[in-house]
Amino acid sequence: MMQYKRPSEDTLKALETAPAMFLILAPDLYILTASNLFLEATGTDRAAIAGKYFFDAFPGNPDLLDSNGVANILSSINEVMLTGKQHAMPIQRYHVPDRSAPGTLIIRYWEPLHIPVFDEKGLLSYIIQSVKNVTEEVMSKVEARQSKLDSDDSLRELGLMNRRLELEVARRTAELKQSESKYRNLIQHCPVAIQVFRGEDMVFEIVNDLMLGFLGKTRDIIGKTLFEGVPEIVGQPIVDVLYGVYKTGEPLAVYGEKVILERNGKSEIGYYDVIYRALYDDEKITGVLGIAIDVTPQIVAQQAIVESEERFRNMAENSDILISLVDEFGTLEYLNASWAKMTGWVRDNLKQLSWDEYVHPDDRSAVTDKFINGLENKTEFVNEFRLQNKENDYRWLRIKGTPRFDSLQSFRGFIFSGIDITEEKQRLLEIEYINKALIFSNEQLLNANLKLLESEENLLTAFDAGELGSCSLDLKTGKAEMSERYRHLYGLPQEVEISWEMVLQAVEPEFLEEVNLVLENAIKFGKPVDSTYAIRHLSTGEKRWMRVVGKVYQGIDGTNERVYAIVMDVTAQKQDELRKNDFIAMVSHELKTPLTSINGYVQLLGMKMQNGDNYDGSPILTKIHAQLKKMTTMINGFLSISRLESGKIHLIKKTLNFSEIIGALVEEYKMLASTHNFIFNKCGQTMVNADEDKIEHVLNNLLSNAVKYSPANTEIEIDCRVDGDIVMLSVKDRGMGIHVHDIPKLFERYYRVQSLQTSTIAGFGIGLYLCAEIIERHGGKIWVESELDLGSIFYFSLPLITD
Ligand code: ADP
């Protein structure tokens, strides 16, 4: 296709409605449009011919074998193109289809005139083929010629012919009148502004309303000259154009012509596309037809674009942001000063700049991919990449590409704006590093936490195993956080917030002062807590001994803030201690008694011997001996205890016939303790691996207790029985028996039943304790069955030696 500036739609529209027969041809002879009158005369419609090649739309008449119409038109157009001037063709015969009788043609003669129209750059924009239907003239001439030829023969028809001609003239005149009024009417209602000047002075002959509106004048300018009617036009370039057309007869078109007109007393600037065409009367120019289209809004918009473009450049040049433009093919059109400053690129020939070579090789393909994708899809995109600067360092850039569209919404390329994000990237890297470090330390923290949890669990398990309660007391608020066991030990409710006052309620009154003092010392001096006191269990009312051990922790302000303490039930130890004290008192008393007796006996013996009598001291010595034995037994018992407790009791085990040893001992007892009746049920050969002395000690103890705690003359039954792989021995008495409450504590150290009956019976509460220890160390068991006032049966068992 040829490159030419297609006339605007408005121009075409104006030409279509022009009161003449116009066919508008592009320089390549494709039909742009045709005027309404042309279409009417040729019996065609616009849609059928617009966009078609001229000779396709109007092929040579096939029935006209002599027709050389195509060649004539081509040579005329050639002439126009060569000279740039209009070219009038001789009359052409070209028949048009008869719409009323499809398939037939109507004879037509035409007078075509080809007028070139140039754009503002002087290039051929389009060609107006103005045609005049001269069929009637030709026909009448032909007819005239024919009639002349036939005159001789047709003289008689002359009158008739004359008459016909007269009629024809009358008809033509009427037609002309009609056509003129039609012409004026058309102009008046034409949607483009039209004016017709007549004469050298450019007298307004016709001006339609639209044109009047442009001129800002009223109908009274008709009949006035241009300068009279529109005085402000004097000196404006458009006048030269108008006169030029009038003088040369060559049609002229100017586009976007600036014209200053006075409207409503105000001088207003407007821009118009104006076409002037000379009007002829025969060969003489008699006037000018002017068509104008107001293009002010477009021009103003264009100017605004130009201005905004200028403003854009100005702004871009002075901006710190990297700004660049590429056209719709991706070719670099513009780079601002910031770009040049950073890269050192010379902006003379940007089209030659291979900017992508400066992109870091690792980023290059991603950058170009996005760029191409953006161009293809005309969509916004962002690229982050490293670019080499003039110091040959790589800088990180973030460039955003925004598609550009012109006023007709055609894609014009991209505008890029970018910033240097090197520092941001650096910070991001640092953050990433910190993040990684954080994750790592978080993991460690988590591990430590897990370990802490584990150790807390361990601690809790340990606390549980040790039956320790834990508590943390806020020294300022008095609020206490307590473990389940702590609450349990004091009989405090679970699930309820505990205050120090609630704890104090459990403390036995005689210890309150001490407990408060300990707390005061903790608050004031941060002294560690260690206190043992008795409480009354808040739910059972039982008396218990508690030991609280704690440490004071200071807050950040250095004040003593909190006590973390553990509490343990020390009732057993405390009772043990109390019994021990009783025991010591009793021991001192019991040891003193035989000593006093021995002392007395020794003095008596001394006195008797001093008297010089041949005194037999044997009875006194026997008594002394008995007292000494009692003391020895006592002392041995104590020694056994202390040995036992210091772990120094060692069993010297050997294979023994248990039944035999027991039998011998019972026999001995039968002789010694004549107060009771001993019954012994033997159990035959029973071999055990045991310490003989210790087993004897156990039986001794059980037998002496049976004697001690049962009335004289009652039976003491010793039963030996083998049960599977154990041998079981029982000592049954018919004595005072033991209360069910005392039974579980009977084998504890220093435990003695406190009753009226026992108060008169001497004892230290260590016998059964030692028995239990000995039996358990032999892998056996010891227990008791007893009923108050009926008697008791003490049992112990030992494992038998099995082969
Ligand atoms: P003791 O020296 O007091 O007898 P033991 O340890 O041998 O010390 O006995 C502890 C307590 O068990 C005694 O004080 C007594 O109250 C009670 N007891 C021991 N044997 C008997 C028994 N056969 N009948 C009743 N009570 C007994």
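Source: prediction; values computed, not measured. (Residues numbered from 1 in each chain as written. Predicted model: local features only at pLDDT ≥ 70, side-chain atom pairs only at ≥ 80, totals over all residues. Heavy atoms only, no water.)

S.K.: Summarise the overall build of the protein; cite the residues concerned and give the values.
M.R.: A count of helices and strands for the protein gives 22 helices and 31 strands. Taking 803 residues into account, the globule formula puts the C-alpha radius of gyration at 28 Å, and the protein, at 69 Å, lies well above it. Its C-alpha atoms give the protein principal-axis dimensions of about 225 × 60 × 55 Å. Buried positions account for 41% of the 803 residues belonging to the protein. When contacts within the protein are restricted to residue pairs at least 6 apart in sequence, those whose partners lie at least 24 apart make up 51%. (Helix = DSSP H or I, 4+ residues; strand = E, 2+ residues; numbered from the N terminus. Rg over C-alpha atoms; globule rule 2.2 N^0.38 Å. Buried < 20%, exposed > 50% of the residue type's maximum accessible area, 1.4 Å probe, protein only. Contact = heavy atoms within 4.5 Å.)

S.K.: Can you break down the packing of aromatic side chains residue by residue, with the values?
M.R.: Each aromatic ring pair is described using two quantities: the centre-to-centre distance and the angle formed by the ring planes. One pass over the full model with this rule turns up 25 aromatic pairs. Ring centres of phenylalanine 38 and phenylalanine 58 lie 5.9 Å apart, and the angle between their planes is 85°; on these two criteria the pair is classed as edge-to-face. On the criterion of sequence distance, the pair formed by phenylalanine 38 in helix H2 (residues 36-42) and phenylalanine 58 in the loop between helix H4 (54-57) and helix H5 (69-83) is long-range, its members being 20 residues apart. Using a relative accessible area of 4% as the deciding quantity, one classes phenylalanine 38 as buried. For the ring pair phenylalanine 54 and phenylalanine 58, a centre distance of 5.7 Å and an interplane angle of 45° mean the geometry is tilted. Residue classification places phenylalanine 54 among the buried positions, given a relative accessible area of 3%. Through a chain of ring-to-ring contacts, the aromatic side chains of Trp355, Phe371, Phe381, Phe405, Phe411, Phe414 and Phe416 assemble into a single cluster. When the ring centre of tyrosine 334 is taken as reference, the NZ or CZ atom of arginine 313 above it lies at 4.7 Å. Directly above the ring of tryptophan 396 sits lysine 425, whose terminal nitrogen or CZ lies 4.4 Å from the centroid. (Phe/Tyr/Trp six-rings, centres within 6.5 Å; stacked < 30°, edge-to-face > 60°. Lys NZ or Arg CZ within 6 Å of the ring centre and 35° of its normal.)

S.K.: Quick rundown of the sheet that holds strand E10 (residues 203-207)? Include the residues and the values.
M.R.: Sheet architecture is open: five strands sit in the order E10-E9-E13-E12-E11, paired in antiparallel fashion. Of all strands in the sheet, those bounded by a partner on one side alone are E10 and strand E11 (252-263). Across this sheet, the average inter-strand angle for adjacent strands is 35°, counted without regard to direction. In this sheet, strand E12 (residues 266-281) lies alongside E11 in antiparallel orientation, the contact comprising 10 bridges. (Pairing = 2+ DSSP bridges. Axes fitted to C-alpha atoms, helices over the stretch in contact; angles between N-to-C directions.)

S.K.: Which residues make up the site of the ligand, and what values do they have?
M.R.: In the vicinity of the ligand there are 22 residues, among which Asn705, Tyr709, Asp733, Arg752 and Leu768 approach most closely. A distance of 3.4 Å separates an oxygen atom of the ligand from a polar atom in the backbone of valine 753. For the ligand, an oxygen atom lies 2.8 Å from a polar atom in the backbone of leucine 768. Here the ligand loses 97% of its free accessible area of 520 Å² to cover by the protein chains. By residue number, the principal contributor to the shell around the ligand is helix H21 (residues 692-708), which donates four residues. Here the shell around the ligand is built from residues that sort into 11 nonpolar, eight polar and three charged. (Near = heavy atom within 4 Å. Polar contact = N/O pair within 3.5 Å; in protein donor to acceptor, adjacent residues only side chain to side chain. Areas by Shrake-Rupley, 256 points an atom, 1.4 Å probe, with all protein chains shown as cover. Nonpolar A, V, L, I, M, F, W, Y, C, P; charged D, E, K, R; others polar.)

S.K.: I'd like a description of unusual backbone geometry, backed by residues and values.
M.R.: With a phi angle near 55°, lysine 378 is a residue other than glycine that sits in the positive phi range. Relative to the helices and strands, lysine 378 is located in the loop between helix H13 (361-377) and strand E16 (381-388). Even without glycine at this site, asparagine 392 takes up a positive phi of about 65°. For asparagine 392, the position within the fold is in the loop between E16 and strand E17 (394-405). Among the residues examined, asparagine 392 registers a relative accessible area of 54% and is labelled exposed.

S.K.: I'd like a description of the sheet that holds strand E23 (residues 543-554), backed by residues and values.
M.R.: By way of backbone hydrogen bonds, the strands of a sheet pair with one another, either parallel or antiparallel. Pairing in this open sheet of six strands is antiparallel, and the strands run E21-E20-E19-E24-E23-E22 from one edge to the other. In the strand order of this sheet, the two ends are held by strand E21 (498-499) and strand E22 (529-536), each with one partner. The sheet strands contacting helix H17 (residues 509-525) are strand E19 (468-474), E22, E23 and strand E24 (560-569), and the helix crosses E22 at an angle near 150°.

S.K.: Any details on the confidence of the model for the protein? Residues and values, ideally.
M.R.: Looking at the protein, the pLDDT average stands at 85 and 94% of residues meet or exceed 70. Confidence scores differ between elements of the protein, with helix H7 (residues 151-189) showing the lowest mean pLDDT of 67 and strand E31 (residues 791-799) the highest of 97. (pLDDT = per-residue confidence, 0-100.)

S.K.: Tell me about the state of the cysteines, residues and numbers included.
M.R.: Throughout the structure, instances matching the rule amount to one disulfide. Across the disulfide, cysteine 683 is cross-linked to cysteine 720 (sulfur-sulfur distance 1.9 Å). Judged by the sign of its S-S torsion, about 45°, the cystine formed by cysteine 683 and cysteine 720 is right-handed. Taken as a pair, cysteine 683 in the loop between strand E26 (677-681) and strand E27 (687-690) and cysteine 720 in strand E28 (residues 715-723) lie far apart in primary sequence, 37 residues in all. Pair check on accessibility: cysteine 683 and cysteine 720 agree, each one buried. In this structure cysteine 771 is a free cysteine whose sulfur lies 17 Å from that of cysteine 720, the closest cysteine sulfur available. Exposure remark for cysteine 771: the relative accessible area of 0% places this residue in the buried category. (Disulfide = S-S within 2.5 Å.)

S.K.: Describe a nonpolar patch on the surface, and please don't skip the residues or the numbers.
M.R.: A grouping of Tyr433, Ile434 and Leu438 is seen on the molecular surface, where their side chains present a nonpolar patch of about 360 Å² in accessible area. For leucine 438, a relative accessible area of 48% translates into the label partly exposed. (Patch = residues over 30% accessible without salt bridge, like charges linked within 9 Å, V, L, I, M, F, W, Y side chains within 5 Å. Salt bridge = Lys/Arg side-chain N within 4 Å of Asp/Glu carboxyl O.)

S.K.: How would you explain the environment of aspartate 28 if you had to name every residue and give the values?
M.R.: Considering the arrangement of structural elements, one finds aspartate 28 in the loop between strand E1 (22-25) and strand E2 (31-34). Spatially, the C-alpha atoms of aspartate 28 and tyrosine 126 are 8.9 Å apart, while their sequence positions differ by 98 residues.

S.K.: Can you tell me about the nonpolar core, naming the residues and giving the values?
M.R.: Among the nonpolar cores identified, the biggest contains 40 residues, and Phe658, Ile718, Leu729 and Phe796 are the most heavily contacted of them. Beyond its immediate stretch of four places on either side in the chain, leucine 729 contacts Phe658, Ile662, Leu699, Ile718, Asp719, Cys720, Phe794, Tyr795 and Phe796. With 35 residues, the next largest nonpolar core counts Tyr490, Val507, Val518 and Ala522 among its residues. (Core = buried A, V, L, I, M, F, W, Y, C linked by side-chain atoms within 4.5 Å.)

S.K.: Report on the packing of helix H20 (residues 658-672) against H21, specifying residues and quantitative values.
M.R.: At their nearest, the axes of H20 and H21 sit 11 Å apart, and the two run at 45° to each other. Judged by the angle between their axes, H20 and H21 are oblique. H20 and H21 meet at a crossing whose hand is right-handed. Contacts between H20 and H21 involve Phe658, Ile661, Ile662, Leu665, Val666 and Tyr669 on the former and, on the latter, Glu692, Ile695, Glu696, Leu699, Asn700, Leu703 and Ser704. Its residues placed into classes, the contact of H20 with H21 shows nine nonpolar, two polar and two charged. (Parallel < 35°, antiparallel > 145°, perpendicular 65-115°, else oblique. Left-handed = near helix turned anticlockwise from the far one by under 90°.)

S.K.: Can you tell me about the side chain of threonine 296, naming the residues and giving the values?
M.R.: By the element assignment, threonine 296 lies in helix H11 (residues 296-317). A polar atom in the side chain of threonine 296 sits 3.0 Å from the backbone nitrogen of tyrosine 271. Excluding residues within four positions of it along the chain, threonine 296 makes contact with Ile269, Gly270 and Tyr271.

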